[in-house]
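Residues per chain, in single letters:
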Amino acid sequence: MPESESADSVDLIVGAWQRERPDLDFEPLQVLSRVWRLSRNLDRARRASFGTSDLDSWEFDVLSALRRAGSPYQLSPKALLEETLVSSGTMTNRIDRLVARGLVERRTSPHDGRGILVTMTTDGLARVDAAIAVLVTSESTLLSGLSRPEQERLAGLLRKLSTTLEL
């Protein structure tokens, strides 16, 4: 650890393991334990951001997929599955719950009378737009300890790691 950096909880954990098990290489914990801890903190911050728009994380996930699709903010359930990486049963349940809350509607596809499109309502659009604005501000604050070039370097390293882990 460079002298300019302060020790964190991961340094203490790794140090204890190195003392107890000097036969093992604990360098992976230096990165992945920090990523895991950051993930937990980020999850809490995101839930708080989504809560300002009365959305759960999973609701934001589905609504943001629809929002990113562009106007008229609709996708097939299959496309939503691909965007959100959940099972078909889970997606059906999520769509049902979003319909009950008035955030999306099921519509018959104009291209295939048997097909269904999930379309975001005006209320869903307003909530996801408000939530993403709060999220971007919140996450900018979380990253304020890093300069823009440091953020870009970190994003590049995480992208590289992510692409090696995705199947």
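Since the model is a prediction, treat every value here as computed from it, not as a measurement.

Caption draft 1: Spotlight on the UniProt feature "domain: HTH marR-type" (unreviewed entry) in the chain. Within the UniProt annotation, "domain: HTH marR-type" (unreviewed entry) is assigned to residues 28–163. Secondary structure across residues 28–163 comprises 69% helix and 9% strand; the distance between its end C-alpha atoms is 17 Å.

Caption draft 2: Looking closely at the pattern of salt bridges. With the rule as written, the count across this model stands at 14 salt bridges. The closest approach of N and O atoms between Arg47 and Asp43, which form a salt bridge, is 2.9 Å. One end of the pair is Arg47 and the other is Asp43, both in helix H2 (residues 27–51) and 4 residues apart, which spans about a single turn. Judged by its relative accessible area of 45%, Arg47 falls in the partly exposed class. Residue Asp43 is classed as partly exposed on the basis of its relative accessible area of 36%. For Arg127, the salt bridge is made with Asp123, and the minimal N-O distance between the two is 3.2 Å. Of this pair, Arg127 and Asp123 both sit in helix H6 (residues 122–142), separated by 4 residues, roughly a single helical turn. When its relative accessible area of 32% is taken as the criterion, Asp123 is described as partly exposed.

Caption draft 3: Structural context of the sheet that holds strand S3 (residues 116–120). The 3 strands lie next to each other as S1-S3-S2, forming an open sheet whose pairing is antiparallel. Of all strands in the sheet, those bounded by a partner on one side alone are strand S1 (74–75) and strand S2 (104–108). In terms of strand pairing, S2 meets S3 through 5 bridges, oriented antiparallel. What sits directly across from Thr108, in S3, is Ile116.

Caption draft 4: Quick peek at the pairing of S3. Buried residues dominate S3, accounting for 4 of its 5 residues. Where S1 lies against S3, 2 bridges are found, and the strand directions are antiparallel. Bridge assignment links Leu75 to a residue of S3, and that residue is Val118.

So, how was this worked out
Residues numbered from 1 in each chain as written. Predicted model: local features only at pLDDT ≥ 70, side-chain atom pairs only at ≥ 80, totals over all residues. Heavy atoms only, no water. UniProt positions renumbered as here; feature names shortened; annotations may be inferred. Helix = DSSP H or I, 4+ residues; strand = E, 2+ residues; numbered from the N terminus. Salt bridge = Lys/Arg side-chain N within 4 Å of Asp/Glu carboxyl O. Buried < 20%, exposed > 50% of the residue type's maximum accessible area, 1.4 Å probe, protein only. Pairing = 2+ DSSP bridges.

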